[in-house]
Amino acid sequence: LIFTGKLVICSDIPYPPQEFFDTSGNATGSDIDIGTEIAKRLGLTAQVQNSVFDTIIAALTGGKCDIIISAQNITSDRVKQVDMIPYYEAGQSFVVATGNPKSIKVQDDLCGKAIGAETGTTEVDYLNGTGDYKGQGLSAACTAKGKAAITVKSYAKDSDALLALQTGKVDAYFADSPVAGYYTVQHPDQFQLSGLTLGVALEGISVSKSSTGLR
């Protein structure tokens, strides 16, 4: 452990319902609950370090925290850098404006559309055909059928990606299903699920490769 008496958890906030700030500005959510309980069972106090998702692994390996609990999908690239303990399985879904004005219902409906997602996520990889999705990107699947490519727009914070949908800068927002669902329940007047869910992603808790005891 890096900090005496503490388990410092890197988490990218907001990504509700897994991690977000409550009305008092305290970190909360299912991932935070899990991290707090892990700390308790180790006789430690949990402390959350809000981190940008695209650099969250660097924050861990650079000694800013002990573990990452941040809805991280397990990928071949990530497990080269850190050890990941699987704990949760989630689909990936599309949030659209209420009424689904762009009629996104099946995969081909994504073609020619602008889709927003958070930088560094597997959603961006899936759209672009990078990382574990090499050769099976959603945009490439469109062009292979003679349809228009997807315009992929990535944002540093998840909340910025959702705001892009709200302001009409993108036609849909792509995220892990629990998060996509949460936003539609919280703001049914603005957002709904498109009905298109792709793949199943296994999420992991990350620890440094040198932290074998903690792993």
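Whatever comes next refers back to the structure up there.
Residues numbered from 1 in each chain as written. Predicted model: local features only at pLDDT ≥ 70, side-chain atom pairs only at ≥ 80, totals over all residues. Heavy atoms only, no water.

Hey, could you run me through the pairing of strand β5 (residues 67–73) in this one?
On a regular strand, each side chain points to the face opposite its neighbour's, so the side chains alternate between the two faces of the sheet. Most of β5 sits inside the fold, with seven of its seven residues counted as buried. Summarising the sheet, strand β1 (residues 6–11) and β5 pair through two bridges and their orientation is parallel. Residue pairing across strands places Ile9 opposite Ile67, the latter belonging to β5. Looking at chain direction, β5 and strand β10 (residues 191–207) are connected through four bridges and run antiparallel. Bridge pairing in β10 places Asn73 opposite Glu203. (Buried < 20%, exposed > 50% of the residue type's maximum accessible area, 1.4 Å probe, protein only. Helix = DSSP H or I, 4+ residues; strand = E, 2+ residues; numbered from the N terminus. Pairing = 2+ DSSP bridges.)

Can you walk me through the nonpolar core in this structure?
Looking at soluble globular proteins, one finds that nonpolar side chains tend to be buried together. Counting 18 residues, the largest nonpolar core has Phe94, Leu110, Ile115, Leu127, Leu138, Ile150 and Phe174 as the members making the most contacts within it. For this core, the secondary-structure elements that each account for two or more residues are β6 (83–97), β7 (114–118), α4 (122–128), α5 (138–144), β9 (172–176) and β10. The leading source of residues in this core is α4, at three residues. If sequence neighbours within four positions are ignored, Ile115 has contacts with Phe94, Leu110, Leu127, Ile150, Thr151, Val152, Lys153, Val170, Ala172 and Phe174. Of all hydrophobic cores here, the second largest spans 16 residues; its members include Tyr15, Ala71, Val95 and Ala114. (Core = buried A, V, L, I, M, F, W, Y, C linked by side-chain atoms within 4.5 Å. Contact = heavy atoms within 4.5 Å.)

Is there a simple way to explain the layout of surface pockets in this structure?
Space left empty within the atom packing is revealed by a probe, the size of a water molecule, rolled over the atoms. Estimates place the volume of the largest pocket at around 300 Å³. At the level of secondary structure, the elements contributing two or more residues to the lining of the largest pocket comprise α2 (56–61), α3 (76–81) and α4. Top element by residues in the lining of the largest pocket is α3. It accounts for four residues. (1 Å grid on protein atoms, 1.4 Å probe; cavity = no way out; pocket = protein on both sides within 12 Å on 5 of 7 lines; lining within 4 Å. Points joined across faces, edges and corners; volume = space filled by probe spheres on them.)

Could you clarify how one ought to interpret the sheet that holds strand β4 (residues 45–50) in this entry?
Strand order across the open sheet formed by eight strands is β4-β1-β5-β10-β6-β9-β7-β8, with mixed pairing between neighbours. Among the strands making up the open sheet, the edge pair consists of β4 and β8 (151–155). The sheet shows a mean angle of 25 degrees between the axes of neighbouring strands, taken without regard to direction. Inspection of the sheet shows β6 paired to β10 by 13 bridges, in the antiparallel sense. Following the sheet pairing, Val96 is matched in β10 by Gln192. In the packing of helix α6 (residues 158–166) onto the sheet, contacts are made with β6, β7, β8, β9 and β10, and the angle to β9 comes to roughly 150 degrees. (Axes fitted to C-alpha atoms, helices over the stretch in contact; angles between N-to-C directions.)

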